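# A structural walkthrough
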Amino acid sequence: MELTEHMDPFEAVNHYFTRAARIADVSASTEAVLKTPYRELRVEVPIRRDNGQLEVYLGYRVQHDNSRGPFKGGIRFHKSAAIEEIRALASLMTWKTALVDLPFGGAKGGIAVDTRPFSANELEHLTRTYVRQISRMIGPTTDIPAPDMYTNAQVMAWFLDEYEQLNGRAPAVVTGKPLALGGSPGRIEATGRGVIIALGETIRGLGWSPDGTTIAIQGFGNVGSWAAQLAHRAGYKVVAVSDSEVCVYCGGGIDIDSLAEHRAANGSLKGFSGTELLEPDDVLMLPVDVLIPAALGEVIHAENEGEVLAEVIVEGANHPVTPWADAALADRGVTVVPDILANAGGVTVSYFEWVQNMQHFRWTEAQVNDRLTQRLVDAHQHVMKVVEDRGCTLREAAFVIAVERVAEASALRGML
Ligand code: GLU
């Protein structure tokens, strides 16, 4: 596929997939089977707002591949949750679970809605209606949803309850649940923790140390805020963080624990003492060693790629760099740790949660964090080995490993 700046997100993921399939020597027919989503569902999600008004939104669940295990992937409530986006994210989950060797396939779901103005009551009804609409497609051994953008443990609790009212007890049908309903210790911070584990492995390879490394983080949601706090506690100098409103910057480093308290108390990053206020997108162009985009997709593209000054980009978000920008960054020697490696901590602890639910057993937080670290370090080392052997980028290496695993499983099943 020709590289252009204007690819739909599914074409963009398939651009990486196709390159990996060629390197892995996968046949054209196998390539077509692996690329095509298994099943896609679009549903109507009507909701009566608290003021009596009826609104209708579109919801989706895309199941991409299940040759290695049940479909797995989050649910997002966001205006951008169109079918092309969900399809792309479902395929990324296939490659992500394969790369970290979890016995899962890939899926994604969502509703194209901005839930920020919704009351808790409206959010609960929206969630329950969506669950009823997709319930026949999911299950603890078929397809296991989880949180993603603008969904959280409370949404997963309503999700579980609605599913169980229809189907009976099934705690393993969804992950990212609150602890009291079978959630796992360590799940909330898992994606951010994984980002910092990936960063640690990367700077170790470069011979850098945490205390000499400056970081800017885009996004202060679940991924960005935990990545920031864990980086700060590990001794990195986090000099900037942003949300959709503002970027706060302090060249000497920000006390992230205090900033998180400030934001919880004031609902905004603004007004935190000792920091300069910049425009949200400025976070991408600061003179830092490491940039962690941990918000939306496609934030680094042809128009702004040249202004990125960081030497290392760790993709906390899914698909934050367009393929065009990815090629340009590689050309000028910027190390990009790809999403399917960098943000795999979330789905890895989702897997641990699912295992605990299936066994009716609870692990300690230390066990979860140790096993998470082990898996991600192993995956990182495997990627680096392929980078060295084939002289390719980290993203190419990560996709090659993933594609080989999915192709093998599919071939053994006789599907290819
Ligand atoms: N939404 C997260 C991701 O994109 C987690 C998915 C999961 O835990 O299933 O990886």
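This write-up is about the structure you can find in this document. Numbering of residues starts from 1 in each chain and follows the order in which that chain's sequence is written. Confidence filtering applies because this is a predicted model: local features only for residues at pLDDT of at least 70, side-chain atom pairs given and counted only at 80 or more, and all residues used for totals across whole chains, interfaces and linings. Hydrogens are left out, water is left out, and the side-chain values use all remaining heavy atoms of the structure.

So, on to the site of the ligand. Working definition: residue near molecule or strand if any one of its non-hydrogen atoms lies within 4 Å of it. Looking at the ligand, there are 14 residues lining it, with Lys 72, Lys 96, Pro 147, Asp 148 and Ser 350 nearest. Here a polar contact is taken to be a pair of N or O atoms separated by no more than 3.5 Å, where protein atoms must pair a possible hydrogen donor with a possible acceptor and residues adjacent in sequence count only if both atoms sit in side chains. Measuring from a nitrogen atom of the ligand, one finds a backbone N or O atom of Pro 147 at 2.9 Å. Take Asp 148: an N or O atom from its side chain is 2.7 Å from a nitrogen atom of the ligand. Note on areas: Shrake-Rupley with a 1.4 Å probe; residue coverage comes only from the protein chains shown. Here the ligand, which alone exposes 290 Å², has 95% of that area covered by the protein. Labels follow the DSSP assignment, with helices taken as runs of H or I lasting at least four residues and strands as runs of E lasting at least two, numbered in each case from the N terminus. Sorting the residues of the shell around the ligand by element identifies helix H3 (83–99) and helix H11 (345–359) as the ones contributing at least two each. Broken down by element, the shell around the ligand gets its largest block of residues, three residues, from H11.

Time to look at a nonpolar patch on the surface. Residues qualify for a patch when their relative accessible area is over 30% and they have no salt bridge, like charges being joined within 9 Å and the nonpolar side chains of Val, Leu, Ile, Met, Phe, Trp and Tyr within 5 Å. A pairing counts as a salt bridge when a side-chain nitrogen of Lys or Arg comes within 4 Å of a carboxyl oxygen of Asp or Glu. Where nonpolar side chains cluster on the molecular surface, the patch consists of Val 33, Met 415 and Leu 416 and spans about 250 Å² of accessible area. Looking at the element boundaries, Val 33 is found in helix H2 (residues 28–35).

A few words now on the layout of surface pockets. One simple way to see leftover space: roll a probe sized like a water molecule over the atoms. Cavities and pockets were defined on a 1 Å grid built from protein atoms only: a cavity is a group of points that admits a 1.4 Å probe but offers it no way out, a pocket is an open group of points flanked by protein on both sides within 12 Å along at least five of seven lines, and a lining residue is one with an atom within 4 Å of any such point. Grid points are joined across faces, edges and corners, and a volume is the space filled by probe spheres set on the points. Taken as a whole, the second largest pocket holds about 150 Å³ of empty space. Lining the second largest pocket are 15 residues; nearest its centre among them are Pro 9, Glu 85, Gly 297, Glu 298 and His 319. If you list the elements that add at least two residues to the lining of the second largest pocket, you get helix H1 (9–23) and H3. Of all the elements, H3 adds the most residues to the lining of the second largest pocket, at four residues. Partitioned by chemical class, the residues of the lining of the second largest pocket number seven nonpolar, five polar and three charged. Note on residue categories: nonpolar means Ala, Val, Leu, Ile, Met, Phe, Trp, Tyr, Cys or Pro, charged means Asp, Glu, Lys or Arg, and polar means any other residue, Gly included.

Inspection of the entire model under this criterion finds 27 salt bridges. The salt bridge involving Glu 353 is made with Lys 177; its shortest N-O contact spans 2.7 Å. Taken together, the positions of Glu 353 in helix H11 and Lys 177 in the loop between helix H5 (153–167) and helix H6 (190–206) put the pair 176 residues apart, joining distant regions of the chain. For Glu 404, the salt bridge identified is with Arg 390, shortest N-O distance 3.7 Å. With Glu 404 in helix H13 (residues 394–413) and Arg 390 in helix H12 (residues 365–390), the pair connects residues that are 14 residues apart, well separated along the chain. Through salt bridges with shared partners, one network takes in Glu 124, Arg 128, Arg 132, Asp 161 and Glu 162.

Our focus in this paragraph is the sheet that holds strand S9 (residues 247–249). Any two strands with at least two DSSP-identified bridges between them are counted as paired. One open sheet holds the seven strands; their spatial order is S10-S9-S8-S7-S11-S12-S13, and the pairing between them is mixed. Strand pairing shows two members of the sheet lacking a second neighbour, strand S10 (276–278) and strand S13 (335–337), which therefore form its edges. Neighbour to neighbour, the strand axes of the sheet diverge by 20° on average, direction disregarded. As paired strands, strand S7 (residues 214–218) and strand S11 (residues 290–293) are joined by four bridges and run parallel to one another. Axes here mean lines fitted to C-alpha atoms, for a helix over just the part in contact, with angles spanning 0 to 180 degrees between N-to-C directions.

Here the focus is the packing of aromatic side chains. The aromatic pairing rule takes the rings of Phe, Tyr and Trp, using the six-membered ring of Trp, and pairs them if the centres are within 6.5 Å, calling planes under 30 degrees apart stacked, those over 60 edge-to-face and the rest tilted. The tally for this structure, following the rule as stated, stands at nine aromatic pairs. On the basis of an interplanar angle of 40° and a centroid distance of 5.4 Å, the ring pair of Tyr 38 and Phe 71 is categorised as tilted. Taken as a pair, Tyr 38 in the loop between H2 and strand S1 (39–48) and Phe 71 in strand S3 (residues 71–72) lie far apart in primary sequence, 33 residues in all. Look at Phe 71 and you get buried, because its relative accessible area is 3%. Look at Phe 104 and Tyr 351: their rings are 5.7 Å apart centre to centre, the planes differ by 90°, and that puts the pair in the edge-to-face class. Here Phe 104, found in the loop between H3 and strand S5 (106–111), pairs with Tyr 351, found in helix H11; they are 247 residues apart in sequence, far enough to count as distant. Accessibility assignment for this pair places Phe 104 and Tyr 351 in one class, buried. Here the aromatic residues Phe 104, Tyr 351, Phe 352, Trp 354 and Trp 363 are joined through ring pairs into a cluster of three or more. Two thresholds decide whether a charge sits over a ring: the Lys NZ or Arg CZ must be within 6 Å of the ring centre and within 35 degrees of the ring normal. The aromatic ring of Tyr 16 is capped on one face by Arg 395, whose charged end is 4.6 Å from the ring centroid. Burial classes: relative accessible area under 20% of the type maximum marks a residue as buried, over 50% as exposed, and values in between as partly exposed (1.4 Å probe, protein chains only).

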